[in-house]
Amino acid sequence: LSGAKEVNASGKTFTVKSSLRLQVDRQDDGVAYTCRVDHVALTATHEDTTQVLEVHYAPIVNIIHSATLPQEGQYLKLECVPQGNPSPDPVLWTKDGGELPDLDHMFVEGRELTFTSLNKTDNGTYRCEATNHLGTSHAEYKLVIYDAPTTPSPSTTSPAPTLPDTTGPLDSNNLNSAVTGNRGTVQPHCPSSSSSSRTYLSMPISLFLLPKLVSSDSSLQLQGHLERSVLVPCSLSAPLCVLA
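Residues numbered from 1 in each chain as written. Predicted model: local features only at pLDDT ≥ 70, side-chain atom pairs only at ≥ 80, totals over all residues. Heavy atoms only, no water.

(A) Spatial organisation of the overall build of the chain. Along its length, the chain carries zero helices and 19 strands. Taking all 244 residues of the chain together, the buried fraction comes to 24%. Looking at the chain alone, contacts between residues at least 24 apart form 47% of all its contacts between residues at least 6 apart. Working note: accessible area of the chain is about 17100 Å², and carbon and sulfur atoms make up 50% of it. (Helix = DSSP H or I, 4+ residues; strand = E, 2+ residues; numbered from the N terminus. Buried < 20%, exposed > 50% of the residue type's maximum accessible area, 1.4 Å probe, protein only. Contact = heavy atoms within 4.5 Å. Areas by Shrake-Rupley, 256 points an atom, 1.4 Å probe, with all protein chains shown as cover.)

Okay, here's the thing in structure tokens:
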């Protein structure tokens, strides 16, 4: 950059002044400007001097939060980040336009507002305010706390299968019946032999989960389990066989 030059002569000495006028903003704070002088007497090097520009400006404020979707019971930190010259310190935290509530799980340390364990009463709008001699600025953060995810407890019982009822005939040579339902009905045939004829008695038997069917005659019992075969023995000494 070329500045305005002013030359003063005094005998054999010349004084040269150069000035530079700038329109600065906060982006120019900390920028270094160097003035360099070249002269025929300075054959090996040149003379220069550097000044760092310091720009004073009112603060601007941002809030950085540690959680995107804060949940109940979580840890949360809000950090107030002001930028200004002179540095705006300390900062002021408020909630919903008033002072922060006095709570054990909430505290301010420096520019940070920390919640050790969030709950729904912490919902609200939090403001950080920063001030220096040039002005005041603030930023706001609206805290909305979501429910914590729940994990269903493991079930201690498994649901009983729903299977159709089945019916199957049984005879003296093949007395097996598969119980395939939560409740099944089988139709056993109990034969009785005599010298002149053979007679069958049919009776429905209802089977439940882990069934146990006992005959009126203590010598005859019927037991069955789901998905397994049921063996029904039939030993008769009379023309009829009665099962209860």
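(B) The sheet that holds strand E9 (residues 112-115), seen in detail. Reading across the sheet, the four strands line up as E5-E6-E9-E8 and stay open at both edges, with antiparallel pairing between neighbours. Each edge of the open sheet carries a strand with a single partner, namely strand E5 (57-65) and strand E8 (106-109). The sheet shows a mean angle of 15° between the axes of neighbouring strands, taken without regard to direction. Both strand E6 (residues 76-85) and E9 contribute to a ladder of four bridges, which runs antiparallel. Bridge pairing in E9 links Lys77 to Thr114. (Pairing = 2+ DSSP bridges. Axes fitted to C-alpha atoms, helices over the stretch in contact; angles between N-to-C directions.)

(C) How the structure looks around the pairing of E6. Bridge analysis of E5 against E6 gives seven bridges, and the strand direction is antiparallel. Along E6, the bridge assignment pairs Val61 with Pro82.

(D) Seen up close, a nonpolar patch on the surface. Nonpolar side chains collect at one region of the surface, where Leu20, Leu22 and Val24 lie side by side and expose about 220 Å² of accessible area between them. Locating Val24 in the fold gives a position in the loop between strand E2 (13-19) and strand E3 (32-37). Val24 sits in the partly exposed class, given a relative accessible area of 34%. (Patch = residues over 30% accessible without salt bridge, like charges linked within 9 Å, V, L, I, M, F, W, Y side chains within 5 Å. Salt bridge = Lys/Arg side-chain N within 4 Å of Asp/Glu carboxyl O.)

(E) Region of interest: the side chain of Asn85. Within the element layout of this structure, Asn85 appears in strand E6. Side chain to side chain, Asn85 and Asp29 meet in a polar contact 3.5 Å long. Beyond its immediate chain neighbours, meaning those up to four positions away, Asn85 contacts Asp29, Glu54, Val55, His56, Tyr57, Asn132 and Leu134. (Polar contact = N/O pair within 3.5 Å; in protein donor to acceptor, adjacent residues only side chain to side chain.)

(F) Here's a closer look at the pattern of salt bridges. Under the counting rule described, the total for this entry stands at four salt bridges. Glu112 is paired through a salt bridge with Lys77; the nearest N and O atoms lie 3.8 Å apart. On the criterion of sequence distance, the pair formed by Glu112 in strand E9 and Lys77 in strand E6 is long-range, its members being 35 residues apart. Classification of Lys77 by relative accessible area gives partly exposed; the value is 27%. One salt bridge connects Asp147 with Lys120, and the closest N-O pair in it is separated by 2.6 Å.

(G) Structural context of the state of the cysteines. For the structure shown, the criterion picks out one disulfide. Note that Cys80 is cross-linked by a disulfide to Cys128, the S-S spacing being 1.7 Å. Note on the Cys80 and Cys128 pair: the S-S dihedral is about -70°, so by sign convention the disulfide is left-handed. Taken together, the positions of Cys80 in strand E6 and Cys128 in strand E10 (residues 124-132) put the pair 48 residues apart, joining distant regions of the chain. Accessibility expressed as a relative area gives 0% for Cys128, which makes it buried. (Disulfide = S-S within 2.5 Å.)

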